[in-house]
Amino acid sequence: MEVIIVPAAQDVGSAAARIISRLVAGKHGAVLGLATGASVKPVYAELVRAKLDFSRVTTFNLDEYVGSASFHEFMEEHLLKHVNADRARVHFPPTEGADLAGACEQFERDIRAAGGIDLQLLGIGRDGHLGFNEPTSSLASRTRIKTLTGATREANRAAFGGGEVPLHVVTMGIGTILDARQCLLVADGAAKADAVARMVEGPLTAMVPASALQLHPRATVIVDELAAAKLALRDYYREVQRNKPEWQR
Ligand code: GLP
């Protein structure tokens, strides 16, 4: 896992946006896996500011509440309406219909038909969840319906104006996420420091779903100083970045 430590949340956004922009500029018809949440807002703000050309980009969102379009609205507000996205190439997990399980399988087929995800953008939950894969999610899971923990519903309550947060969600599985050719996780703030340390340096365990990124050959984690505070090897990660050879940049 590559760990990049930057001073503040704003710098997390610009460092992540740089990686995404380079991919999109260098690959005609890039496929991006996108995420929602406070951590990715600065990333999208940078992409909008840079006027990145989205006309050929295909996107697949990571997760959504069952019976809701909340993350759909988030994406419109923070990214899609500000860039030249081709809506025919924008995909969200299914959240309605009599055969939701079948629709989840179709979502997986759609990802494969698009050629697979080139880069999956991710945040991390305070409990170490990835997407909405809560602790004890199978590390081989695919897109499916999940039940949120009380803690996650509490953490996400603000997005529902303080009201009820849906209990059920549809999320890409951890197996789905690991299939992406590159994973890019962003986190900032002291509230994420424990989860970040457990993801990067803790044992691989379904109790910390994000620790599954230890299995990925190309996972990059960008964190600010506050979120990096509990990493035992943080000085080493800084040294690696300082001495990164030109060809690896
Ligand atoms: C939600 C999302 C995750 C996100 C996490 C962190 O639960 N489903 O994909 O990574 O929250 O969100 P935030 O960035 O707002 O802390």
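Residue numbers run consecutively from 1 along every chain, following the written order of its sequence. Residue-level local features of this predicted model are given only where pLDDT is at least 70; pairs of side-chain atoms are given and counted only at 80 or more, and the full residue set underlies all totals for whole chains, interfaces and linings. Only hydrogens and water are set aside when side-chain values are computed; all heavy atoms of the structure are taken into account.

Asker: Got a sec to walk through the side chain of Gln182? Specific residues and values, please.
Answerer: Strands are runs of DSSP state E lasting at least 2 residues, helices are runs of H or I lasting at least 4, and numbering of each runs from the N terminus. Here Gln182 is to be found in the loop between helix H6 (174–178) and strand S9 (183–187). Relative accessibility thresholds used throughout: buried, under 20% of the residue-type maximum; exposed, over 50%; partly exposed, between the two (1.4 Å probe, protein chains only). By relative accessible area, Gln182 is classed as buried at 7%. Residues are treated as being in contact if the distance between any of their heavy atoms lies within 4.5 Å. Sequence-distant contacts of Gln182, that is, excluding residues within four places in its chain, are made with Ile19, Asp118, Leu119, Gln120, His216, Arg218 and Thr220.

Asker: Explain the packing of helix H2 (residues 41–49) against helix H3 (residues 70–78) to me, using residue names and the numbers behind them.
Answerer: At their nearest, the axes of H2 and H3 sit 10 Å apart, and the two run at 40° to each other. With respect to H3, the element H2 is oriented oblique. The residues of H3 that touch H2, namely those facing Lys41, Tyr44 and Val48, are Phe74, Met75 and His78. Only Asp, Glu, Lys and Arg are considered charged, only Ala, Val, Leu, Ile, Met, Phe, Trp, Tyr, Cys and Pro nonpolar, and every remaining residue, Gly among them, polar. Considered class by class, the residues forming the contact of H2 with H3 number four nonpolar, one polar and one charged. Under this scheme, a helix contributes an axis fitted over its contacting stretch, all axes are lines through C-alpha atoms, and angles between N-to-C directions fall in the 0 to 180 degree range. Working rule for angles: under 35 degrees goes down as roughly parallel, over 145 as roughly antiparallel, 65 to 115 as roughly perpendicular, anything else as oblique.

Asker: Which residues make up helix H7 (residues 193–201), and what are the values?
Answerer: Of the residues making up H7, those classed as buried are Ala193, Ala195, Val196, Ala197, Met199 and Val200. Looking at the buried residues of H7, the elements they touch are strand S1 (2–6), S9, strand S10 (219–224), helix H8 (225–228) and helix H9 (234–242).

Asker: Help me get a handle on the site of the ligand, residues and values and all.
Answerer: We define proximity as follows: a residue is near a molecule or strand when any one of its heavy atoms falls within 4 Å of that partner. Surrounding the ligand, one finds 13 residues, the nearest of these being Ala38, Ser39, Asp63, His129 and Lys192. Between the ligand and the protein, one listed contact pairs an oxygen atom with a backbone N or O atom of Gly123 at 3.4 Å. For the purposes of these results, a polar contact is taken to be a pair of N or O atoms within 3.5 Å, where, inside protein, one atom must be able to donate a hydrogen and its partner to accept one; residues adjacent in sequence count only when each atom of the pair is a side-chain atom. Asn156 places a polar side-chain atom, nitrogen or oxygen, 3.2 Å from an oxygen atom of the ligand. Reported accessibility uses the Shrake-Rupley method at a 1.4 Å probe radius. Residues are deemed covered only where the shown protein chains occlude them. Here the ligand, which alone exposes 390 Å², has 87% of that area covered by the protein. Its residues assigned to classes, the shell around the ligand shows four nonpolar, seven polar and two charged.

Asker: Tell me what's going on with the sheet that holds S10, and back it up with residues and numbers.
Answerer: On the basis of which strands lie adjacent, the open sheet formed by seven strands has the order S1-S10-S9-S6-S2-S3-S5 and parallel pairing. In this open sheet, the two strands that pair with only one neighbour each are S1 and strand S5 (90–91). In this sheet, S9 lies alongside strand S6 (residues 119–122) in parallel orientation, the contact comprising three bridges. Counterpart to Gln120 in the pairing with S9 is Cys183. Each of S1, strand S2 (31–34), S6, S9 and S10 is contacted by helix H1 (residues 9–26), which is oriented at about 155° to S10, the strand it contacts most. Pairing between strands is defined by DSSP: at least two bridges between the two strands are required.

Asker: Tell me about the sheet that holds strand S8 (residues 168–171), residues and numbers included.
Answerer: The antiparallel open sheet is built from three strands, whose spatial order is S4-S8-S7. The two strands at the open ends of the sheet, each matched to only one other strand, are strand S4 (63–65) and strand S7 (144–147). Taking the axes of each pair of neighbouring strands and ignoring which way they run, one obtains an average angle of 30° across the sheet.

Asker: Before we move on, can you summarise the packing of H1 against H2 with the specific residues and values?
Answerer: Helix-helix packing is characterised by the crossing angle of the two axes and by the distance between the axes. Contact geometry of H1 with H2 gives a least axis separation of 7 Å together with a crossing angle of 55°. Here H1 lies oblique to H2, going by the angle between them. The crossing of H1 and H2 is right-handed. Mapping the contact onto sequence places Ala9, Gln10, Gly13, Ser14, Ala16, Ala17, Ile20 and Ser21 in H1 and Pro42, Val43, Glu46 and Leu47 in H2. A crossing counts as left-handed when the near helix is turned anticlockwise from the far one by less than a right angle, and as right-handed when that turn is clockwise.

Asker: Report on a nonpolar patch on the surface, specifying residues and quantitative values.
Answerer: Distance thresholds for patches are 9 Å for like charges and 5 Å for nonpolar side chains (Val, Leu, Ile, Met, Phe, Trp, Tyr), applied to residues having over 30% relative accessible area and no salt bridge. We define a salt bridge as a side-chain nitrogen of Lys or Arg found within 4 Å of a carboxyl oxygen belonging to Asp or Glu. Residues Leu233, Tyr236 and Val240 make up a contiguous nonpolar surface patch of roughly 280 Å² in combined accessible area. Mapping Leu233 onto the fold places it in the loop between H8 and H9. Judged by relative accessible area, Leu233 falls into the partly exposed class, the value being 45%.

Asker: Tell me about H2, residues and numbers included.
Answerer: Within H2, burial applies to Pro42, Val43, Tyr44, Glu46 and Leu47. Of the surrounding elements, those touching the buried residues of H2 are H1, S2, H3, S6 and S9. Looking one or two residues past H2, Lys51 carries a phi angle of roughly 50°, positive in sign.

Asker: Break down the pairing of strand S3 (residues 58–61) for me, citing the residues and quoting the values.
Answerer: Residues Thr58 and Phe60 point to one face of S3 and Thr59 and Asn61 to the other, with burial holding for every one of them. Relative to S3, S2 runs parallel, the two sharing four bridges. Opposite Val31, over in S3, you have Thr58 as the bridge partner. Handedness of a crossover: with both strands directed away from the viewer, a clockwise path from the first strand across the helix to the second marks it as right-handed. Crossover handedness for the path S2 to H2 to S3: right-handed. With two bridges connecting them, S3 and S5 associate as parallel partners. Within the sheet, the bridge partner assigned to Phe60 lies in S5 and is His91.

Keep in mind that these numbers describe shape and distance, not what the molecule does.
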